[in-house]
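Here is what each chain is made of, one letter per residue.
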Amino acid sequence: MLHSVKALDGFAIAATDGQLGKVKDIYFDDLKWTIRYLEVDTGRWLTGRRVLISPISVASIDWPRATINVRLTRQQVNDSPGIDTAKPVSLQHETALSNYYGYPYYWSGPYLWGYTVFPSLADQALLEELEREAARETMEKDNTPDEDPHLRSKDEVVGYRIEATDDTVGHVEDFLFDEKDWSILLMVVDTREWWPGKHVLISPRRIRQVSWEDKSVVVDVTRKQIESSPEYDGKHPPGREDYEEVYRPYQRPVPPAAATADRKSGGAP
């Protein structure tokens, strides 16, 4: 079953030795469409400080109890690099965060999480060799003022209007992700502006451009095709195996070879 990204808002973060705080926001990248960080408001514990926690730290999600259990101690989080939530998260900050926790760089390899398919630690000797080279490339890129980090806040993107090839068709309502690899597989579109009460699903593969200046998401489908898209029922969310259904109304099915390659690489749709 796929899960709502918005549903994570307010989830408690439980460290191995106590509570850390609550989820305030979610950061994802718009290249591989994967959740990269949970922004956690630590409340009074760290005098309102907010920190970023990677899914690599997540041990489990207790959905009934609205709790995310992480493999971290309170002291580890206390000593972690801070974040200025008023500014975009830079690649330099991500590098510092990864170095602090000893995590692989998700942007340095061919798979969804760098050199691993799922958010986990890989062979340390291999990582050290690969990441030395990646670190040099990272610092060079980060020194470019106009470099786009492709890391986006869920709170920022939800509400962006959806621009089809021939009309405006609504706005971004939510995203659905796979808990196993944290990939975003589907986007929920609210079409109430022209289709009262209707929520439909679109794959991120259909997104041609995200305009942060215009607060819009441009998709390569028509309004009529969106009308034929599968409807989203929050009480009965789709499973990962169901997301290919989104392609059927467009008569542009994903070739079997491409779908197999995506599954092997951990790529998002």
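Residues numbered from 1 in each chain as written. Predicted model: local features only at pLDDT ≥ 70, side-chain atom pairs only at ≥ 80, totals over all residues. Heavy atoms only, no water.

A. Structural detail: the overall build of the chain. When you go through the chain residue by residue, the secondary structure sums to 6 helices and 14 strands. Expressed as a percentage of the 269 residues in the chain, the buried residues total 50%. Put simply, of all contacts in the chain between residues at least 6 apart along the chain, 59% involve residues at least 24 apart. When the accessible surface of the chain is summed, it comes to about 13,000 Å², and 48% of that surface belongs to carbon and sulfur atoms. (Helix = DSSP H or I, 4+ residues; strand = E, 2+ residues; numbered from the N terminus. Buried < 20%, exposed > 50% of the residue type's maximum accessible area, 1.4 Å probe, protein only. Contact = heavy atoms within 4.5 Å. Areas by Shrake-Rupley, 256 points an atom, 1.4 Å probe, with all protein chains shown as cover.)

B. Representation of helix 2 (residues 91-101) in the model. Taken together, the buried positions of helix 2 are Leu91, His93, Glu94, Thr95, Leu97, Ser98 and Tyr101. Remark: Gly102 follows helix 2 within two positions and exhibits a positive phi of approximately 75°.

C. Focus on empty space enclosed by the protein. This model, assessed by the stated rule, comprises 1 cavity of 30 Å³ or more. Looking at the largest cavity, its volume works out to about 80 Å³. Considering the residues around the largest cavity, the lining is formed by Arg36, Tyr37, Ser54, Ile56, Leu97, Ser98, Tyr103, Pro104, Tyr106, Trp107 and Trp113. Partitioned by chemical class, the residues of the lining of the largest cavity number 8 nonpolar, 2 polar and 1 charged. (1 Å grid on protein atoms, 1.4 Å probe; cavity = no way out; pocket = protein on both sides within 12 Å on 5 of 7 lines; lining within 4 Å. Points joined across faces, edges and corners; volume = space filled by probe spheres on them. Nonpolar A, V, L, I, M, F, W, Y, C, P; charged D, E, K, R; others polar.)

D. Representation of the packing of aromatic side chains in the model. A full pass over the atoms with the stated rule returns 12 aromatic pairs. Aromatic pair Trp63 and Phe177: ring centres 6.4 Å apart, planes at 40°, arrangement tilted. Taken together, the residues span a long stretch of sequence, with Trp63 in the loop between strand 6 (58-62) and strand 7 (67-70) and Phe177 in strand 10 (residues 168-177) at a distance of 114 residues. For Trp63, a relative accessible area of 22% corresponds to the partly exposed category. On the accessibility criterion, Phe177 (0% relative accessible area) is buried. Site record: aromatic cluster; members linked through ring pairs are Phe11, Trp63, Phe177 and Trp182. Over the aromatic face of Trp113 sits the side chain of Arg36, whose NZ or CZ is 4.6 Å from the ring centroid. (Phe/Tyr/Trp six-rings, centres within 6.5 Å; stacked < 30°, edge-to-face > 60°. Lys NZ or Arg CZ within 6 Å of the ring centre and 35° of its normal.)

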